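# Working through the structure, step by step
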Amino acid sequence: MTTLSDRTTETLPVIAPRAERLAWADVAKGGCIILVLLWHVIVKHYLRIDWQVGLPVPGAWGLLGEQLLPLRMPLFFAISGIFAASALGRPWRTVRRSRVARLLHLYVLWLLVHTAVLALAPHFPTDRATSLPGLLAQLTVTPSNLWYLPALALYFVLAKALRRVHPAVLLTAAGVLSAVAAAGLLDTPGNRGGVYQNLVFFLAGLHLRPHLQRWAATATDRRLLLTSAGFAAALAATAVVGHWFGASLLVSATAVAFGITAAARLARRPILAGPLAALGRRTLPVYVIHMPVLALLDRLLAGPVADLDTTSRVLLVAGYPVLLTATVLVVSLALHRGLLALRATWLFDLPAASRR
């Protein structure tokens, strides 16, 4: 039986006992959360520093982060769909708390935490509620930076309600929604666009689970080379001809194929896969904690880094995003461990009374 302490260290979707987890999927989620942190470090902190080094290094980091946008969240949601597949056929009363109530509880709770902490860093460039109407909007129709949590709850409810609809119909409709949102044909304030665009990947993981598992189980170095080349070619094509209708969906699909293949190959290398898989089972605390940590570090570091002498900035500019990403990750995990030691498990799970 899964204990409370076990559940607080699982990944964002609460799915199955750890014995049933897929090693490559945990590796993929660990890699995705690192990429999420790296992107936030780059765009919300690193690129805002006036480095004045006469080198194109900051631009290169920004370009790298942009190229990985089609990979991070689509792969995250595809893996979440794979893990959620086993719960789709269970009675609603057995999954509504763990798969809906828990996610919404965490979203509301951490939205309030983010709103309070981000008020201490007013110049940090991220979505925040500065008024009661703004907070109500983030609680309902325009999710905050924590949008993964309500999106995952919504996706599961939709999948559960429409489970008798043929998967091909669902995937087609979700794919059209993703393409329409990516083309800017829908009003997508805040992070609403991400909610529209990633439903198709969650449903793909949910309904195509056997095929994706087989794809991972039969992954080879040759397929890794081919999928990486396909991903790079799709990125290059959109850079040349522009983002035509459906291009974003196609690029993300090739990125997910590459990501699953890479995770499956990496999972066979214990030295590298072990830490990533362990992190993949702890993405929840990193996801909810890292933004306030980064905001406070931005307030602490942005000025002093910009004031360094030229030689120090030249030495620091190339590796700074990696160093700060590692710092944010370590601090987030340390805070999670400290909060659990203080028995603040309600910050990462439903209170015991409501679970009973």
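Placed above this text is the structure.
First, a word on scope: everything that follows refers to the structure included in this document. (Residues numbered from 1 in each chain as written. Predicted model: local features only at pLDDT ≥ 70, side-chain atom pairs only at ≥ 80, totals over all residues. Heavy atoms only, no water.)

### Things to note about the packing of helix H4 (residues 69-84) against helix H12 (residues 247-266)
For the pair H4 and H12, interaxial distance at closest approach is 8 Å and the crossing angle is 70°. With respect to H12, the element H4 is oriented roughly perpendicular. Crossing geometry of H4 relative to H12 is assigned as right-handed. Taken together, the residues of H12 that come into contact with H4 (itself represented by Pro 70, Leu 71, Pro 74, Leu 75 and Ala 78) are Val 251, Ser 252, Ala 255, Val 256, Phe 258, Gly 259 and Ile 260. In terms of residue class, the contact of H4 with H12 is made up of 10 nonpolar, 2 polar and no charged. (Axes fitted to C-alpha atoms, helices over the stretch in contact; angles between N-to-C directions. Helix = DSSP H or I, 4+ residues; strand = E, 2+ residues; numbered from the N terminus. Parallel < 35°, antiparallel > 145°, perpendicular 65-115°, else oblique. Left-handed = near helix turned anticlockwise from the far one by under 90°. Contact = heavy atoms within 4.5 Å. Nonpolar A, V, L, I, M, F, W, Y, C, P; charged D, E, K, R; others polar.)

### So, H12
Taking 1.5 Å of rise per residue, the 20 residues of H12 would be expected to cover 28 Å, and the 28 Å separating its terminal C-alpha atoms lies within 8% of that figure. Residues of H12 that are buried include every one of Ala 247, Val 251, Ser 252, Ala 255, Val 256, Gly 259, Ile 260, Thr 261, Ala 263, Ala 264 and Arg 265, and no others. Buried residues along H12 sit in contact with helix H2 (23-44), H4, helix H9 (192-207), helix H10 (209-217) and helix H11 (221-241). (Expected span 1.5 Å × (residues − 1). Buried < 20%, exposed > 50% of the residue type's maximum accessible area, 1.4 Å probe, protein only.)

### Re the environment of Val 251
Mapped onto the elements of the fold, Val 251 is located in helix H12. C-alpha separation for the pair Val 251 and Ala 101, spaced 150 residues apart in sequence, amounts to 33 Å. Discounting residues that sit within four places of it in the chain, Val 251 has contacts with Pro 70, Phe 231, Ala 234, Leu 235 and Thr 238.

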